[in-house]
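Per-entry structural report
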Amino acid sequence: MQLQLLDADYTLVNGRPIVRLFGKTEKGETVCVIVENVRPYFFLHPREDIELKDIEYELEKNNLDYEVVERFLPIGWSPKPVKMLKIIGRDPSKIPEIRAWISRFGTPYEADVLFKYRYMVDNGLRGMAWFSVEGKPVQTGTVKCKTVCADRIKPLEMLSNAPLRYMALDIECAPQSGLPNADNDPIIMISLVFWPDWKGKSSIVLVSKHTSLPDCIGFADETEMLKRFKDIMDDYDPDIVTGYNITNFDLPYILRRLEVLDLPRDLGRAEKAAWARKLSMTQAITLTGRVVVDPYDIIRRDPWVKLKRYDLRTVAKSLLGEEKLEMSGSSEITTLWKGGLEDLKRLVNYNRRDSELAMRLLLEKGLLDKFFEIAKISGLLLQDALGGQSMRHECKLLHEFRKRNFVMPCKPDGAELTKRKAEREEAGLKGALVLEPETGLHASGCTIVLDFTSLYPSLIKAFNICPTTWLKNVGPDSPPHFTSPFNTCFVKPEVREGVLPAIVRELINTRAAVRAQARTEVDNEKKRILNAKQLALKDMANSLYGYTGFVHGRIYVMDIANTITAYGRDTITNAKKIIEDNFPYKVIYADTDSTFIKTDIVDLDAAQEMGIKISRFVTERLPGLELKYEKLFRTFLIETKKRYAGWCFEKEKDGWKDKIEMKGIETVRRDWCALTSETMNKVLDIVLRDGDVKKAAKFVRDVIADLIAGKVPLEKLTIVKGITKDLEEYDGVQPHVELAKKIVSRDPTKQRMVGERLEYVIVKGNALLSKRAEDPEFVKAKGMEIDSTYYIENQLLPPLERIFESVGVSRTELIHGTKQMSLLSALNGQKPTPSPEKTVLKSYEAIVCRKCYWSFRRPTLTGVCPTCGGQLFFSSGTSLGKFLEPTKS
DNA sequence: TGGCGGCGGGG
DNA sequence: GTGTACGCCGCCA
């Protein structure tokens, strides 16, 4: 039988552990493979002064077996392995105790590896990978699916994935007041969406009162409903359980309700009760044999998805173009629940839609694809592959260390952690090099961006950087080695290839092969898997460096993390020098692994050609590394380190494609109103595409004028913030909290505002700013006036000022000529006339008339503006509008 | 610049 | 379950 490994756990039978592997056949059947006769173990490296017989006595006393084995120590190069004890126990859960007392004899290794992983690693099994089983069917009474007792298990190499069953769920509850509390507030409704269908239905809504609405099942009460919910779980038997924010809300809530109502909680494929453990903020839910997938978790952590908010409404809208149904908070749910048939119908539809959206996000956006591959590469079970980065590397390293006869250190305990943190505090981990940018607008020629491909992984590989190759003490007898810019030494690969370098090599080579394969693959399903796989390989390679500097990691050695970044800084500095020594261009900015080269080339094709030429030139001179042409900016504006925007051009099959690209300059932020975001975008657009700073400044003045004239619609001025706790609990004054208090005092039916999301605008008045937050509807109804000064000062100008300052337009110039000028000056006690000395000049590309904004390439002979006689000042790129050649796009 | 405090998603 | 772990943003000094 061939199975794809979906999940695993262990359980004790007659005091002895058995491993249970939950696998899927090619046809989608679920099989639980039972493995007997596996014992927990770990390694002990005894102290020099300890005699074997000292330990032997203790081991015997505690009914433990042992073997003397030879293993390499993980930190620091040594030519020979050392003698260690492999301590073999019986009950995995007893290992921590054993480890605690045995530590007085030496250093334990791998004493904290989860038992299921111990087995998997020892047998070459990886999550979502295939394996073959020979065995006999058995009945256990504890596992709900077909069960086989294994005689022989062998890992297999297969690309395909078994068909899985998905179930999305969403609950509703009607709290009496405020936030729902699982101890008291019942679940009123559960929507379930199935893929593929369950009994011909794609969805069903369970309702905790009698109803005859279509595709619904009504029950006498919550208890009956929950009983049926579990029955459906067992009957449909999903592999994947999903739902929006289910890990943090729905599942823990359901589990608590089952507990309160004294109902069984075995929602998985075995007898074990499902359980939720609280981490720092998020929880983790374990359903044996199934995988809980929360689209919220995945989307929020996806670096490609940048949204203002990550609620289901925003996410569904932007990723699926789909709307959530209208519902104005939990108080409305309670109202509808108490209402008539139409109300119930609306609630049911609302409930059903949320499950549908979660399911669609998961399936249509292929959210799991990459994680399947991460599981296969790292060896983690799918459930764990959905978690953080560190576990992936830990698992991968465990596999690779074992293959080479190395042992893995345990995770740091509290004392070790304190030590590491102190060490870091003192010596510090020096990061990447970020060059001080030449701020301002660069518009006279294209700015070329060249990136080192996978810089840190390449460095690890090129210089054999690894704890296992690290020469702690270098002497005349030391084997051939590299000496790093951090003054650390690593033996050369011909002496021994490090484990990290080997992992990186495999990841990089496999990725290249997978990408090549993906290009020629015609089958769409296979192509999708291959693409997910290359992304997973890239993720793994790029985050390996991070693991070497991860305080909670098993191979944390600050010297190694420091070595990698030191090589990185050296590399980028070298690249800059090579470029500037050999080409007539300047590197105006560089960050970690990318360089920005300013040229005088206006033609896009010529600029790209030059970029490729430079990248080849540099690559030839830096062995083991590749500097690659990335993209070009026709115009490029940089404010500070890490904050820039550019008119980006990328050549595609059907010609040049352009867009405005921004890094660090946020045009969307949840505490900004729409007007700010819109104005920011428009300003960058004018500056970069038209190259016309004066036009951009005028645009801002117009917006300010509209604002003062009250012509800006309220919707664009609305700021949204949520009330998260009882109003009395807030200390300090915040606008939305003050508004909530007002709403409560105006409307006695409103009790608590917890959980409400408030929209507000700031109105004119003499009171403190926070006290002047108002409900937009109330403002409309009462015809109140908004506080334009607030919007200009606090919303519009701060982000805009930074942009304009970098192109040499000061705040005073920005608002010059608007009524606001005098208004603000009066407020700030400033002189109303712009003072030229205060004008910020950072980049000098043009000379502009202060009065009419006409611009010149050189200072005029008279020293004043020939058109209007106005005073001239230096600016950057202001005259661009006149000499920018139209491009092919 | 750095440290502190609050908040996220869900109903 | 042989585990014990956030990370960003705004405010204020």
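For every chain, the first residue of the written sequence is number 1, and numbering continues from 1 onward in sequence order. As a convention, the first chain written is A and the first ligand written is 1, with the rest following in written order. Residue-level local features of this predicted model are given only where pLDDT is at least 70; pairs of side-chain atoms are given and counted only at 80 or more, and the full residue set underlies all totals for whole chains, interfaces and linings. Side-chain figures throughout are based on the complete set of non-hydrogen atoms in the structure, without hydrogens or water.

What about the overall build of chain A?
- Tallying secondary structure elements over chain A gives 26 helices and 33 strands in all.
- Relative accessibility thresholds used throughout: buried, under 20% of the residue-type maximum; exposed, over 50%; partly exposed, between the two (1.4 Å probe, protein chains only). For chain A, the proportion of its 889 residues judged to be buried stands at 52%.
- Intrachain contacts of chain A at a sequence separation of at least 6 include 67% that bridge at least 24 residues. Elements are defined by DSSP. Helices are runs of H or I of four residues or more, strands are runs of E of two residues or more, and each kind is numbered from the N terminus. Contacts are assigned to residue pairs that have any heavy atoms within 4.5 Å of one another.

Regarding the packing of aromatic side chains
- Within 6.5 Å between ring centres, the rings of Phe, Tyr and Trp (the latter by its six-membered ring) count as paired, and their orientation is classed by plane angle as stacked under 30 degrees, edge-to-face over 60, tilted in between. Applying the stated criterion across every chain, the model contains 24 aromatic pairs.
- The interplanar angle of 75° and the centroid separation of 5.2 Å between the aromatic rings of Y10 and F115 together place this pair among those described as edge-to-face. With Y10 in strand β1 (residues 2-13) and F115 in helix α3 (residues 115-122), this pair connects stretches of sequence that are 105 residues apart.
- When its relative accessible area of 24% is taken as the criterion, Y10 is described as partly exposed.
- Relative to W198, the ring of F194 lies with its centre 5.3 Å away and its plane at 45°, an arrangement referred to as tilted.

What about the sheet that holds β1?
- Pairing is mixed around the closed barrel formed by 5 strands, whose spatial order is β1-β2-β3-β9-β8. Between one strand axis and the next, the sheet turns by 40° as a mean value, whatever way the strands run.
- The rule for pairing is simple: two strands pair if DSSP sees at least two bridges between them. Of the strand pairs in this sheet, strand β3 (residues 30-35) and strand β9 (residues 146-156) are connected by 4 bridges, and their pairing is parallel. Looking across to β9, one finds that I34 is bridged to C149.
- Each of β1, β2 (16-24), β3 and β9 is contacted by α3, which is oriented at about 135° to β1, the strand it contacts most. Where helices are involved, their axes are fitted lines through C-alpha atoms of the stretch in contact, as for all axes, and angles between N-to-C directions lie from 0 to 180°.

Some details on the pairing of strand β8 (residues 130-138)
- Summarising the sheet, β1 and β8 pair through 3 bridges and their orientation is antiparallel. Bridge pairing in β8 places Q2 opposite S132.

Observations concerning the nonpolar core
- In this text, buried Ala, Val, Leu, Ile, Met, Phe, Trp, Tyr and Cys residues form a nonpolar core when linked through side-chain atoms within 4.5 Å. In this structure, L21, V33, I153, L368, Y791 and F804 are the most contacted members of the largest nonpolar core, which totals 172 residues.
- Those residues in contact with F804 that lie beyond four places of it in its chain are V683, V693, A696, A697, V700, V809 and L814.
- Of all hydrophobic cores here, the second largest spans 33 residues; its members include C173, Y236, L255 and L287.

Brief notes about helix α23 (residues 788-806)
- For a helix, the expected span equals 1.5 Å multiplied by the residue count minus one. With 19 residues, α23 extends 25 Å from end C-alpha to end C-alpha; this agrees with the ideal 27 Å at 1.5 Å per step.
- In the structure, α23 departs most strongly from a straight axis at L797, where the bend amounts to approximately 55° and where the proline P798 lies between one and four residues downstream.
- Polar contacts here mean pairs of N or O atoms no more than 3.5 Å apart (in protein, one a potential hydrogen donor and the other a potential acceptor; neighbouring residues in sequence count only if both atoms are side-chain atoms). A side-chain oxygen of the first residue of α23 lies 3.2 Å from the backbone nitrogen of T789; this N-cap is D787.
- G808 sits one or two positions beyond α23 and adopts a positive phi of about 85°. The term bend refers to the angle at a residue between two fitted axes, each drawn through seven residues, those ending there and those starting there.

Description of the sheet that holds strand β21 (residues 481-483)
- What the 3 strands build is an open sheet, ordered β20-β22-β21; its pairing is antiparallel. Every interior strand has two partners, whereas the edge strands, β20 (470-471) and β21, have only one.
- Inspection of the sheet shows β21 paired to strand β22 (residues 489-491) by 3 bridges, in the antiparallel sense. When the sheet's bridge partners are listed, F482 is paired in β22 with F490.

Regarding the pattern of salt bridges
- Salt bridges are counted wherever a side-chain nitrogen of Lys or Arg sits within 4 Å of a carboxyl oxygen of Asp or Glu. Counted according to the given criterion, the structure contains 75 salt bridges.
- Two residues, R290 and D237, come together in a salt bridge whose shortest N-O distance is 2.6 Å. Taken as a pair, R290 in the loop between β16 (283-286) and β17 (291-293) and D237 in the loop between α4 (222-236) and β14 (240-242) lie far apart in primary sequence, 53 residues in all. Like D237, R290 is buried.

Topic: the confidence of the model for chain A
- Per-chain confidence: chain A averages 86 in pLDDT, with 88% of residues scoring 70 or above.
- Each residue gets a pLDDT score, which is the predictor's confidence in that residue and runs from 0 to 100. Low pLDDT (under 50) marks residues 852-862, which in the prediction has 29 contacts with non-local residues, meaning those over four places away or in another chain.
- Confidence drops under a pLDDT of 50 for residues 874-889, and excluding neighbours within four residues, the segment shows 51 contacts in the predicted structure.

What to know about the packing of helix α19 (residues 674-690) against helix α20 (residues 693-708)
- Running from N to C, α19 and α20 point in directions that differ by 160°, and their axes come no closer than 8 Å. The angle between the axes of α19 and α20 places the two elements in the roughly antiparallel class. Crossing angle aside, the handedness with which α19 passes α20 is right-handed. Contacts between α19 and α20 involve L675, T679, K682, V683, I686, V687 and D690 from the former and V693, K695, A696, F699, V700, V703 and L707 from the latter.
- Here the contact of α19 with α20 is built from residues that sort into 10 nonpolar, 1 polar and 3 charged. Roughly parallel means an angle under 35 degrees; roughly antiparallel, over 145; roughly perpendicular, 65 to 115; everything else is oblique. Here a crossing is called left-handed whenever its near helix is offset anticlockwise from the far helix by less than a right angle, and right-handed whenever the offset is clockwise. All amino acids are sorted into three groups, where Ala, Val, Leu, Ile, Met, Phe, Trp, Tyr, Cys and Pro are nonpolar, Asp, Glu, Lys and Arg are charged, and the leftover types, Gly among them, are polar.

Notes on unusual backbone geometry
- The amide bond that connects W195 to the next residue, P196, takes the cis arrangement and shows omega of 0°.
- The phi dihedral of N405 falls on the positive side, at around 70°, and the residue is not glycine.

Focus on helix α10 (residues 369-378)
- Extensive coverage of α10 is indicated by the burial of 9 of its 10 residues.
- Where α10 is concerned, the buried positions are D369, F371, F372, E373, I374, A375, K376, I377 and S378.
- Immediately beyond the C-terminal end of α10, within one or two residues, lies G379, with a positive phi of roughly 100°.

What about the environment of V602?
- By the secondary structure assignment, V602 is in the loop between β24 (594-598) and α18 (604-621).
- Considering only alpha carbons, one finds V602 and T635, 33 residues apart in sequence, at a separation of 9.8 Å.

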